[in-house]
Amino acid sequence: MAPNIDREAEHIKEKARKDLLALLENVRGKKNLVFSRDLPGIIGLFVGFSTLKEYGVEKVFVLENGNTDSSQRNIIYVVNGEDPATVQAVAGQVKQLQKNGNVEHEVTIAWVPRRTLVSNKILEDEGVLGDVNIQELQILFLPLENDLLSLELSNSFQDLYLHGDKSPIYLASRALMQIQQRHGLFPRILGKGHNARQLANLLVRARKELDADEANTPYTTMPSTSIESLVVIDRDVDFATPLLTQLTYEGLIEELNGIKHNKAEIDSSLLGAAGQSRPSGAGLATAPSTQPSRPTLKQAVQLDSTDPLYHQLRSVNFALIGPLLNKVARRLQTDFEGRHKAQEINELRDFVNKLPTYKEEHKSLALHTNLADDMTKHTRSEPFNRSLEVQQNIAAGTDPIYQHDTMDELLSRDVPLPTILRLLCLESTISGGLRTKDLDTFKRAILHAHGHQHLLTLSRLEKMQLLQPRTSASALLLPVGGGSTITSTSTTGTKTNYGYLRKELSMIIEEYNEQDPDDISYVYSGYAPLSVRIVQCILQKSYLQHLHKSPLPLTPSSTGWSGFEDILKSAKGPTFNVVQKPTDEKASKAKNALVGSGGWKYVFVMFLGGITFAEVAALRFVGRKLEEGGQRRKIVICTTGMVSGRSIMEGVIEKKGLGSGIKVDSGAQV
């Protein structure tokens, strides 16, 4: 019987759990477990510390400063094999354990998500390769929700666009191949962008390799009957969207506090009783620590569908959070007061049975009320609103030169550097660069205000093509769709023409209903993310036709990119459509006849380089509209990781000050 695609998220989580526990079970006796710094949150998505204890884990450590307890004979390192610095740290700790000599250690290293030649070479150079047991723990996609699968690569944006490291593309191809091996080939692979094209090529190549393998399964020889297509979007097709401030509840939490592995670090003063009674998730936060406890101002709060109210709040525009929480509070009060009306024993028993639910909802309501109140103080501040005004004016296509006075003012008022850089990068991305004179002026002001170490920051932004001067040659890099009969791959420019696409795809919606939105633009209060509009070019052709002022070349049988080929030439990178045909046509037709065509079809949408929570909300909105329109389609969102303007700037801003290590004559440091 074919696997049920409805339970794919559950299967992925259970497989990761079984693989980790099998690794622990293979090492007999008590053991210490050491994670690299990026893994505890990821592991916490599918297994808790209490379960690890059942498999003999005595203590859990984070890999840093040689802090591993050497009292246990068995030590297991579960670390990121993609990072050379992490591998070097593991080698150093193994050598230190060997020197201690009190206990003869049995060391196992499990590389996540794969073993690499670089990791082998480092261990060999350090002389420890033959002294350890090497294993591979394939943790690829992990479900953040049932409809959201993430590789949880926190640096995928920087890897792809700053360092030129294509590892996220390869890992994405392996994760998607696992889905194909369970459910059948993606019948159609559509995408936009250079990295998206590379991912499609890897999937086609992997399919050919499986065809040549005698051990291949029926699912890899014919298209899936439950999956309609895979849509791949390269993040650099739409750099502007993550630079804008997200205005959904979940997106704004990410902007102000940060959300990592479904957890947000919230000021403990906002939690009160709710924080003490609500667990911070099923992760490893409860593991015993070898460090002395210290008072902290932040507390991890789980933000996912296990929260009884969060699924109602997460995708709502923040302007509506207050009324929505008030409505929930009134409902809870009415339900709770209903106990006085209970006359019969059965009614009282029903109320008692509902008490745990009432308590959970009440705790959740207290948490989100306090959190929303604290966020409101920030959203009502003048710097926030001035910055938001500049963002929306630039996104709407007004002359960005008229925004420079406001940006100068924000810079002189000591607004945080990430805010200023986001505004400059947004203008550069949407307008095809800044005037050279204006860019030089802003650079000098930033260096004087924040230090000359930010020469490195500015250089990184330029390398990522987020901050560039506008020259006469820039116009040649901005493609304009229409007319050409040449294939889209050969007519694409090296930048996205937001001015043209803003009009052709109706990316700015002047009037929209906040209470009952009918367009994805509500997630940015009037701006429709280009990335999601591109997905709508496949899934909601008639709706975009309705928004478009002139008729598009659409027919009832239009599929793929049909009708939007010329328009999408104005977005960066190639547009492609790959059809995967079955190895045996007759067997495929027989299978389709048996299954029929009345079931739900799944569309997988893969974002390379990261996706924002606002875009996730927009895609969920598209999915609801498809269902309301009678289309039996469901969207499964896949990504290399979550991204936002905050996380992008954190990844590029230079943290060290110049001169921090320069010594003067007296031996003192400057």
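This one's a predicted model, so the numbers in the text were calculated from it and none came from an experiment. (Residues numbered from 1 in each chain as written. Predicted model: local features only at pLDDT ≥ 70, side-chain atom pairs only at ≥ 80, totals over all residues. Heavy atoms only, no water.)

Asker: For this particular structure, what's the right way to read the overall build of the chain?
Answerer: Of regular secondary structure, the chain possesses 27 helices and 17 strands. By the burial criterion, 52% of the 670 residues in the chain qualify as buried. In the chain, the proportion of contacts linking residues at least 24 apart, taken out of those at least 6 apart, comes to 78%. Taken as a whole, the chain presents about 31,100 Å² of accessible surface, with 50% of it coming from carbon and sulfur. (Helix = DSSP H or I, 4+ residues; strand = E, 2+ residues; numbered from the N terminus. Buried < 20%, exposed > 50% of the residue type's maximum accessible area, 1.4 Å probe, protein only. Contact = heavy atoms within 4.5 Å. Areas by Shrake-Rupley, 256 points an atom, 1.4 Å probe, with all protein chains shown as cover.)

Asker: Before we go on, may I ask you to explain unusual backbone geometry in this structure?
Answerer: Trans peptide bonds make up the majority, and among non-glycine residues the majority have a negative phi. With omega at -5°, the peptide bond leading from Val-112 into Pro-113 counts as cis. Following the sequence through the fold, Pro-113 ends up in the loop between β4 (106-112) and α5 (117-125). Positive phi is not limited to glycine here, since Gln-465 has a value of about 65°. Here Gln-465 lies in the loop between α19 (454-463) and β14 (469-470). A relative accessible area of 37% places Gln-465 in the partly exposed class.

Asker: Teacher, can you tell me more about the environment of Glu-104 here?
Answerer: Topologically, Glu-104 is positioned in the loop between α4 (84-100) and β4. Taking the C-alpha atoms as reference, Glu-104 lies 10.0 Å from Ser-71; in sequence the two are 33 residues apart.

Asker: What exactly am I supposed to notice about empty space enclosed by the protein here?
Answerer: Where empty space is left in the structure can be found by rolling a water-sized probe over the atoms. All told, the structure shown has three cavities of 30 Å³ or more when counted by the stated rule. Approximately 140 Å³ is the volume found for the largest cavity. A class-by-class count of the residues in the lining of the largest cavity yields three nonpolar, eight polar and three charged. (1 Å grid on protein atoms, 1.4 Å probe; cavity = no way out; pocket = protein on both sides within 12 Å on 5 of 7 lines; lining within 4 Å. Points joined across faces, edges and corners; volume = space filled by probe spheres on them. Nonpolar A, V, L, I, M, F, W, Y, C, P; charged D, E, K, R; others polar.)

Asker: Just checking my understanding: could you explain the sheet that holds strand β15 (residues 575-579) for this structure?
Answerer: Note: strands within a sheet are paired through backbone hydrogen bonds, in either parallel or antiparallel orientation. Pairing in this open sheet of seven strands is mixed, and the strands run β6-β7-β17-β16-β9-β8-β15 from one edge to the other. Each of the sheet's edge strands pairs with one partner strand only, and the pair in question is β6 (142-145) and β15. Taken pair by pair, the neighbouring strands of this sheet meet at an average axis angle of 20°, ignoring direction. Where strand β9 (residues 227-234) lies against strand β16 (residues 601-608), seven bridges are found, and the strand directions are parallel. Note that in β16 the partner of Ser-229 across the bridge is Val-603. Contacting β6 and β7 (148-150), helix α1 (residues 8-25) crosses the sheet at an angle of about 130° to β6. (Pairing = 2+ DSSP bridges. Axes fitted to C-alpha atoms, helices over the stretch in contact; angles between N-to-C directions.)

Asker: How do you make sense of the UniProt feature "transmembrane region" (unreviewed entry) in the chain when you look at a structure like this?
Answerer: When the UniProt feature table is mapped onto this chain, "transmembrane region" (unreviewed entry) is found at residues 602-623. End-to-end, the C-alpha atoms of residues 602-623 are 10 Å apart, and along that stretch the chain is 50% helix and 32% strand. (UniProt positions renumbered as here; feature names shortened; annotations may be inferred.)

Asker: Any chance you could explain the pattern of salt bridges here in plain terms?
Answerer: Here the idea is simple: oppositely charged side chains can pair when their charged atoms come close. For the coordinates displayed, the defined rule picks out 33 salt bridges. Notably, a salt bridge pairs Arg-174 with Glu-136, separated by 3.9 Å at the nearest N-O pair. Remark: Glu-136 occurs in strand β5 (residues 132-136) and Arg-174 occurs in helix α7 (residues 167-183); sequence separation between them is 38 residues. What makes Arg-174 buried here is its relative accessible area of 18%. For Glu-136, a relative accessible area of 37% translates into the label partly exposed. Measuring nitrogen to oxygen at the nearest pair gives 3.1 Å for the salt bridge that ties Arg-386 to Glu-409. With Arg-386 in helix α15 (residues 382-396) and Glu-409 in helix α16 (residues 404-412), the pair connects residues that are 23 residues apart, well separated along the chain. Overall, Glu-409 belongs to the partly exposed group, its relative accessible area being 26%. Connected via shared salt-bridge partners are Glu-382, Arg-386, Glu-409 and Arg-413. (Salt bridge = Lys/Arg side-chain N within 4 Å of Asp/Glu carboxyl O.)

Asker: Could you clarify how one ought to interpret the packing of α15 against α16 in this entry?
Answerer: Each pair of packed helices can be described by the angle between their axes along with the distance between the axes. It is at 10 Å that the axes of α15 and α16 come closest, and there the two elements cross at 150°. Relative to α16, the element α15 is oriented roughly antiparallel. Note that α15 runs across α16; the crossing there is left-handed. Facing α15, whose interface residues are Glu-382, Pro-383, Arg-386, Ser-387 and Val-390, α16 presents Thr-406, Met-407, Glu-409 and Leu-410. Partitioning the contact of α15 with α16 into residue classes produces four nonpolar, two polar and three charged. (Parallel < 35°, antiparallel > 145°, perpendicular 65-115°, else oblique. Left-handed = near helix turned anticlockwise from the far one by under 90°.)

Asker: Whenever I open this one, the packing of aromatic side chains confuses me. Can you help?
Answerer: Note on aromatic pairs: each is described by the distance of the centres and the angle between the planes. What the rule picks out here adds up to eight aromatic pairs. Above the face of the Phe-576 ring, Arg-197 is positioned so that its terminal group lies 4.6 Å from the ring centre. A cation over a ring is seen here: Lys-634 above Trp-600, with NZ or CZ 5.1 Å from the ring centre. (Phe/Tyr/Trp six-rings, centres within 6.5 Å; stacked < 30°, edge-to-face > 60°. Lys NZ or Arg CZ within 6 Å of the ring centre and 35° of its normal.)

Asker: Explanation requested: the pairing of strand β1 (residues 31-35) in the structure shown.
Answerer: For β1, the tally of buried residues reaches five of five residues, placing the bulk of the element in the interior. What you see with β1 is no split at all: Lys-31, Leu-33 and Phe-35 on one side and Asn-32 and Val-34 on the other are buried throughout. Inspection of the sheet shows β1 paired to strand β2 (residues 57-62) by five bridges, in the parallel sense. Its bridge partner being in β2, Asn-32 is matched across the sheet by Lys-59.

Asker: Teacher, can you tell me more about α5 here?
Answerer: Given 3.6 residues to a turn, an α-helix orients residues that are three or four positions apart in the same direction. The set of residues buried in α5 consists of Ser-119, Asn-120, Ile-122 and Leu-123. Here the buried residues of α5 occupy an arc of 165° about the axis, which is enough to place them on one side. Exposed side of α5, more than 90 degrees from the buried face: Leu-117 and Asp-125 are the residues found there. Check the buried side of α5 and you find it contacts α4, β4 and β5. Phi turns positive, to about 75°, at Gly-127, one or two residues after α5. (Arc of directions from axis to C-beta.)

Asker: Any chance you could explain the side chain of Lys-541 here in plain terms?
Answerer: Following the sequence through the fold, Lys-541 ends up in helix α23 (residues 541-547). Buried charged residue Lys-541 carries no salt bridge. Nearest counter-charge: Glu-565, at 7.2 Å. (Lys, Arg positive; Asp, Glu negative; His and termini not counted.)

Asker: I would appreciate a short explanation of the sheet that holds strand β12 (residues 298-302) in the present structure.
Answerer: Taken in spatial order, the three strands of this open sheet run β10-β11-β12, and their pairing is antiparallel. Where the open sheet ends on each side, the last strands, each with one partner, are β10 (259-260) and β12. Of the pairings in the sheet, the one linking strand β11 (residues 263-267) to β12 comprises five bridges and is antiparallel in character. The partner of Ile-266 across the bridge, within β12, is Gln-299.

Asker: Got a minute to help me understand the nonpolar core in this structure?
Answerer: A general feature of soluble globular proteins is that nonpolar side chains tend to end up buried together. Core analysis: the largest hydrophobic core is formed by 172 residues, its most contacted members being Val-78, Phe-141, Tyr-249, Phe-604 and Met-606. The dominant element in this core, judged by the number of residues it contributes, is helix α26 (residues 613-628), at nine residues. What Val-78 contacts, discounting residues up to four positions off in sequence, is Leu-23, Leu-33, Val-34, Phe-35, Ser-36, Leu-39, Ala-110, Val-112 and Leu-137. Core analysis: the next-biggest nonpolar cluster, separate from the first, contains 19 residues, Val-34, Val-90, Leu-97 and Leu-123 among them. (Core = buried A, V, L, I, M, F, W, Y, C linked by side-chain atoms within 4.5 Å.)

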